[in-house]
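Commentary on secondary and tertiary structure
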Amino acid sequence: MDLLRDSLLEMYESEPHIGNLIFLDVETTGLEKTAKLIEIGAIGVIFDGVECKLETFEALINPGFPITAKITEITKITQSMLDEQGGSDNKYAEFVEWIKKINPKHFVAHNAKFDSSKLYYNLDRVGFSPIKDLPTWDWICTLEMSRRLLKDAKANNLGALSEYFKFANRAAHRA
């Protein structure tokens, strides 16, 4: 955690206009447009110009129907893990309140187009309008950044980038 905090402080010193950030990852029931979220993982970075503070949000979300064996194979999230979560609407409400507390200027995601579309679809589906109920966010896509900046990387997926940066990622495909 200290390495992350130090890296963020260094980033803010070079780019002080960034403002509060939320790093977001989601896991879903599939790739289709109407896929439901089954996990949200987020780190909020609050920077007041002097101190950098990190807040986390983690939630498994029961989509209301059984997930496929393929999704369990990819994510290691089981149906019983989701069944223990009860209803999902309260998880979305908790997440919206958490977002409001962080008040981010930007969201950061690897493949932001995917994560943002799934987040917006699911928030809208349960009654939260990202445009009406929440401020508009700019999205920063680390997938696009890696394609543009890391020409010598073997690939731009998180596994390849973890290897490129010599970072042990023991929980790939988990938000």
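Now for a quick tour of the structure. (Residues numbered from 1 in each chain as written. Predicted model: local features only at pLDDT ≥ 70, side-chain atom pairs only at ≥ 80, totals over all residues. Heavy atoms only, no water.)

Overview of the pairing of strand E2 (residues 37-47)
Applicable threshold: Three exposure classes are used, based on accessible area relative to the maximum for each residue type with a 1.4 Å probe and protein chains only: buried under 20%, partly exposed in between, and exposed over 50%. By definition, any uninterrupted DSSP run of H or I lasting at least four residues is a helix, any uninterrupted run of E lasting at least two residues is a strand, and each is numbered from the N terminus. Strands were regarded as paired on the criterion that DSSP finds at least two bridges between them.
Within E2, 9 of the 11 residues are buried, leaving the element largely enclosed by the surrounding structure. As paired elements, strand E1 (residues 21-28) and E2 share 8 bridges and run antiparallel to each other. Its bridge partner lying in E2, Glu27 is registered against Glu39. The antiparallel hairpin formed by E2 and strand E3 (residues 52-60) contains 4 residues in its connecting segment, where Gly49 sits at a positive phi of about 100°.

Quick word on the side chain of Asn62
Test applied: Polar contact criterion, stated in full: a pair of N or O atoms within 3.5 Å, where within protein one must be able to donate a hydrogen and the other to accept it, and residues adjacent in sequence count only if both atoms are side-chain atoms. Any two residues having at least one pair of non-hydrogen atoms within 4.5 Å are treated as being in contact.
In this fold, Asn62 is placed in the loop between E3 and helix H2 (69-75). In this structure the side chain of Asn62 is engaged in a polar contact, spanning 2.8 Å, whose partner is the backbone nitrogen of Gly64. Within polar-contact distance, the side chain of Asn62 engages the backbone oxygen of Leu82 at 3.4 Å. Residue contacts for Asn62: discarding those within four places in its chain leaves Leu82, Asp83, Gln85, Gly86 and Ser88.

Some remarks on the nonpolar core
Defined as follows: Residues grouped as a nonpolar core are buried Ala, Val, Leu, Ile, Met, Phe, Trp, Tyr and Cys residues, joined through side-chain atoms within 4.5 Å.
Core analysis: the biggest nonpolar cluster contains 20 residues, and Ile22, Leu24, Ile40, Phe95 and Trp98 have the highest contact counts within it. The set of elements that each furnish at least two residues to this core consists of E1, E2, E3, helix H4 (89-102) and helix H5 (112-125). Of the residues forming this core, the biggest block, 6 residues, is contributed by H4. Setting aside chain neighbours within four positions, we find Leu24 in contact with Ile40, Gly41, Ala42, Phe95, Phe107, Val108, Ala109, Asp115, Leu119 and Trp139.

Thoughts on the sheet that holds strand E5 (residues 138-141)
The following threshold applies: Think of each axis as a best-fit line through the C-alpha atoms, taken over the contacting stretch in the case of a helix, with angles from 0 to 180 degrees between the N-to-C directions.
Strands sit in the order E3-E2-E1-E4-E5 across an open sheet of 5 strands; the sheet is mixed. At either margin of the open sheet sits one strand with a lone partner, and together these are E3 and E5. Averaged over all pairs of adjacent strands, the angle between their axes in this sheet comes to 20°, without regard to strand direction. Alignment of E2 against E3, held across 9 bridges, turns out to be antiparallel. Bridge pairing links Ile46 to Lys53 in E3. Contacts from helix H6 (residues 142-149) reach strand E4 (106-109) and E5 within the one sheet, and its direction differs from that of E5 by about 45°.

A closer look at the pattern of salt bridges
Basically, it comes down to this: The term salt bridge refers to a side-chain nitrogen of Lys or Arg lying within 4 Å of a carboxyl oxygen of Asp or Glu.
Within this structure, the stated rule accounts for 4 salt bridges. Linking Glu55 and Lys53 is a salt bridge whose minimum nitrogen-to-oxygen distance equals 3.6 Å. Taking the relative accessible area as the measure of exposure, Lys53 reaches 42% and is therefore partly exposed. Across the pair Glu97 and Lys100 runs a salt bridge, and its minimum N-O distance is 3.8 Å. With Glu97 and Lys100 both in helix H4 and 3 residues apart, the pair spans about one turn of that helix. For Lys100, a relative accessible area of 41% corresponds to the partly exposed category. Linked through salt bridges whose partners overlap, the residues forming this network are Lys53, Glu55 and Lys101.

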